[in-house]
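Chain by chain, the residues run as shown.
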Amino acid sequence: MSARSTLPAPSPTRDVPFPTRHAVWELAWEPRRQRAGLLNLKSCELRHPLAESIVSAAARRLTAADLLHYPYQQDLLADLGDYHDTDPAGILLTAGSDSAVGLVVDALASGGGGLILHEPAFESWRYYAALRGVPVVGCPGTAADTARLELAGLHARMAAHPPAVVVLTNPASPSGLALSAADIHETAELAGRAGHLLVVDECYGAFTGITHVPMVASSPHLLVLRSYSKTFGLAGARIASVFGSPALVSYLSRFRPDSTVSATALALLRAVLADRDRFTEVWKDVRAIRSDFVRQVLAGHPGWSALDPGGNYVTFRTGDRDVPELMARHLDRHDIRIRSLDNVPGLEGCLRVSLADAPTMEKVAALMNESVAAP
């Protein structure tokens, strides 16, 4: 039977002869599938020739020991402490940012006041909360007719809500908009006064020069998440860091995320960290590619706008709710996948395109500037 054959949906009463939770069966899930010849500009992987060269060289330096033996993290934690200029005792490694989200929900949100999300947020926050039965309060952060993030609703909710885990992303995803350092400091102070734990996900911070890690030393009620999938082109390695006070990291360590981070991922991240200066060149070039791509697309669509500063992607506001899906279908016919955001509150009429090398993005811009109509 082929992998694409249609199978009956599993039944919790017919196919699993043991009690299961009905709410889990109701969650939408499907495995990642790869389509041959497809250019994925939906997932925001770091697609850059220099990054590929650095990661390839790092992979060639792997040894049998990176596969044969259990992983030890001390050397990498020391390197990360140096790189982020922070205490290694306040760094916790996880198997990608999704694992970090699940850890925070398990360890900190499940037994308290739940989650308060500045939205749009990464889908995994609501997914893991639903999986654990954790209540979620969403606070809109993006209005359909603006090009900035709004915090007033989040701050009002924080003031009225019992102690909870408050989550925001900066730069925000999928909009690409950013909050100022003053905004984050104010939110952190309000969180501390109200007894909340503030979690800031800076997944795309390397592309904009934004980091909140220095705040951790003076903010015991703050956690910062940073994925290395985008930053260092290690999406396949699945590795991320959680930054917090040594006491909070010690508590989170009891949930044993170290057992899920492979020695291979540790070795790859340590190797690419040694080339951090070259990655600075990559991030600078990504910003240049982004600027050129935005200019090319807006030349063909003068009524559109690009939400800045973005990450290794561009979110376009088209002003027409039919356009994102039409454009996604148009590019899919050319084996290019992007993301329509029209179903995301506050981003109606928007679409997101992640970035590749400059020649590829010139071709994508040319396709986007073609006349697009319903099939």
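Here the structure is shown first, and the text comes after it.
Here's a quick rundown of the structure.

### What to know about the overall build of the protein chain
A tally of regular secondary structure across the protein chain gives 14 helices and 13 strands. Taking 21 Å as the expected radius of gyration for a compact globule of 375 residues, we find that the protein chain reaches 21 Å, a close match to that expectation. Along the first, second and third principal axes, the C-alpha set of the protein chain runs to 55 × 55 × 50 Å. Within the span of the protein chain, comprising 375 residues, buried residues form 49% of the whole. Summarising the internal contacts of the protein chain: among those between residues at least 6 apart in sequence, 71% fall at separations of at least 24. In the form shown here, the protein chain has an accessible surface area of approximately 18,100 Å², with 53% of it arising from carbon and sulfur atoms. Computed over 35 positive and 39 negative side-chain charges, the separation of the two mean positions in the protein chain equals 4 Å.

### Re the pairing of strand β3 (residues 115-119)
Side chains on a regular strand alternate between the two faces of the sheet. Summarising burial for β3: four of the five residues are buried, a large majority. Where β3 lies against strand β4 (residues 136-140), five bridges are found, and the strand directions are parallel. Looking at β4, one finds that His118 is bridged to Cys139. As for the winding sense of the linkage, the β-α-β connection from β3 through helix α6 (residues 123-132) to β4 is right-handed. Relative to strand β5 (residues 165-169), β3 runs parallel, the two sharing three bridges. Residue pairing in the sheet places Ile116 in a bridge with Val166 of β5.

### Let's talk about the packing of helix α4 (residues 74-84) against helix α11 (residues 263-273)
Contact geometry for α4 and α11: axes closest at 10 Å, N-to-C directions at 35°. The two elements α4 and α11 meet at a crossing, and its hand is left-handed. Residues Asp75, Leu76, Asp79, Leu80 and Tyr83 of α4 pack against Leu266, Leu269, Arg270 and Leu273 of α11. Of the residues in the contact of α4 with α11, the class split is six nonpolar, no polar and three charged.

### What about unusual backbone geometry?
In the segment running from Asn170 into Pro171, the intervening peptide bond is cis, with an omega of -5°. Within the secondary structure, Pro171 is located in the loop between β5 and α8 (181-194). With an omega of 10°, the peptide bond running from Ser173 to Pro174 counts as cis. Looking at the element boundaries, Pro174 is found in the loop between β5 and α8. Not every positive phi belongs to a glycine, and Cys44 is a case in point at roughly 60°. Here Cys44 is to be found in the loop between β1 (39-40) and α2 (49-60).

### A look at the packing of aromatic side chains
Counted under the stated rule, the structure contains 11 aromatic pairs. With a centroid separation of 5.7 Å and 70° between ring planes, the pair formed by Tyr251 and Phe255 is classed as edge-to-face. Relative accessible area serves as the criterion here: at 39%, Tyr251 is assigned to the partly exposed category. On the basis of an interplanar angle of 65° and a centroid distance of 5.9 Å, the ring pair of Phe293 and Phe316 is categorised as edge-to-face. Of this pair, Phe293 sits in helix α12 (residues 276-300) while Phe316 is found in strand β10 (residues 313-317), placing the two residues 23 residues apart along the sequence. Across this residue pair, the class does not change: Phe293 and Phe316 are buried. Here the aromatic residues Tyr83, Tyr228, Phe232, Phe279 and Trp283 are joined through ring pairs into a cluster of three or more. Between Arg352 and the ring centre of Tyr313, over which it is positioned, the NZ or CZ distance is 5.3 Å.

### What to know about the sheet that holds β3
The seven strands are arranged β2-β8-β7-β6-β5-β3-β4 in an open sheet whose pairing can be described as mixed. The open sheet is flanked by β2 (91-94) and β4, the only strands paired with a single partner. Each adjacent strand pair in this sheet contributes to an overall mean axis angle of 20°, direction not counted. Its contacts with the sheet place helix α7 (residues 152-160) against β3, β4 and β5, and it is angled at close to 145° to β4. Against the sheet, helix α10 (residues 246-253) engages β2, β6 (197-201), β7 (222-227) and β8 (240-243), with an angle of about 30° to β2.

### Let's talk about α8
Given a rise of 1.5 Å per residue, 14 residues ought to cover 20 Å, and the 20 Å separating the end C-alpha atoms of α8 matches this to within 8%. Along α8, the residues classified as buried are Ile184, Thr187, Ala188 and Ala191. Down the axis of α8, the smallest arc covering the buried residues is 100°, so these residues share one side. Across from the buried face of α8, at angles greater than 90 degrees, the exposed residues are Ala182 and Arg193. The elements touched by buried residues of α8 are α7, β5 and β6.

### Points about the pattern of salt bridges
Inspection of the entire model under this criterion finds 18 salt bridges. With a shortest N-O distance of 2.7 Å, Glu123 and Arg339 are connected by a salt bridge. Separated by 216 residues along the polypeptide, Glu123 in helix α6 and Arg339 in strand β12 (residues 339-340) bring together distant segments of the chain. Several salt bridges converge on common partners, so that one network encompasses Arg35, Asp332 and Asp335.

### Here we look at the sheet that holds strand β13 (residues 350-354)
Reading across from one edge, β9-β10-β13-β12 is the order of the four strands in this open sheet, with antiparallel pairing throughout. The open sheet is flanked by β9 (305-307) and β12, the only strands paired with a single partner. Note: β12 against β13, two bridges, orientation antiparallel. Bridging across to β13, Arg339 finds its partner in Arg352. Across the face of the sheet, helix α13 (residues 323-332) comes into contact with β12 and β13 while running at roughly 35° to β13.

About the cut-offs
Residues numbered from 1 in each chain as written. Predicted model: local features only at pLDDT ≥ 70, side-chain atom pairs only at ≥ 80, totals over all residues. Heavy atoms only, no water. Helix = DSSP H or I, 4+ residues; strand = E, 2+ residues; numbered from the N terminus. Rg over C-alpha atoms; globule rule 2.2 N^0.38 Å. Buried < 20%, exposed > 50% of the residue type's maximum accessible area, 1.4 Å probe, protein only. Contact = heavy atoms within 4.5 Å. Areas by Shrake-Rupley, 256 points an atom, 1.4 Å probe, with all protein chains shown as cover. Lys, Arg positive; Asp, Glu negative; His and termini not counted. Charge placed at Lys NZ, Arg CZ, Asp CG, Glu CD. Pairing = 2+ DSSP bridges. Right-handed = clockwise from strand over helix to strand, strands pointing away. Axes fitted to C-alpha atoms, helices over the stretch in contact; angles between N-to-C directions. Left-handed = near helix turned anticlockwise from the far one by under 90°. Nonpolar A, V, L, I, M, F, W, Y, C, P; charged D, E, K, R; others polar. Phe/Tyr/Trp six-rings, centres within 6.5 Å; stacked < 30°, edge-to-face > 60°. Lys NZ or Arg CZ within 6 Å of the ring centre and 35° of its normal. Expected span 1.5 Å × (residues − 1). Arc of directions from axis to C-beta. Salt bridge = Lys/Arg side-chain N within 4 Å of Asp/Glu carboxyl O.

Geometry only, nothing functional implied.
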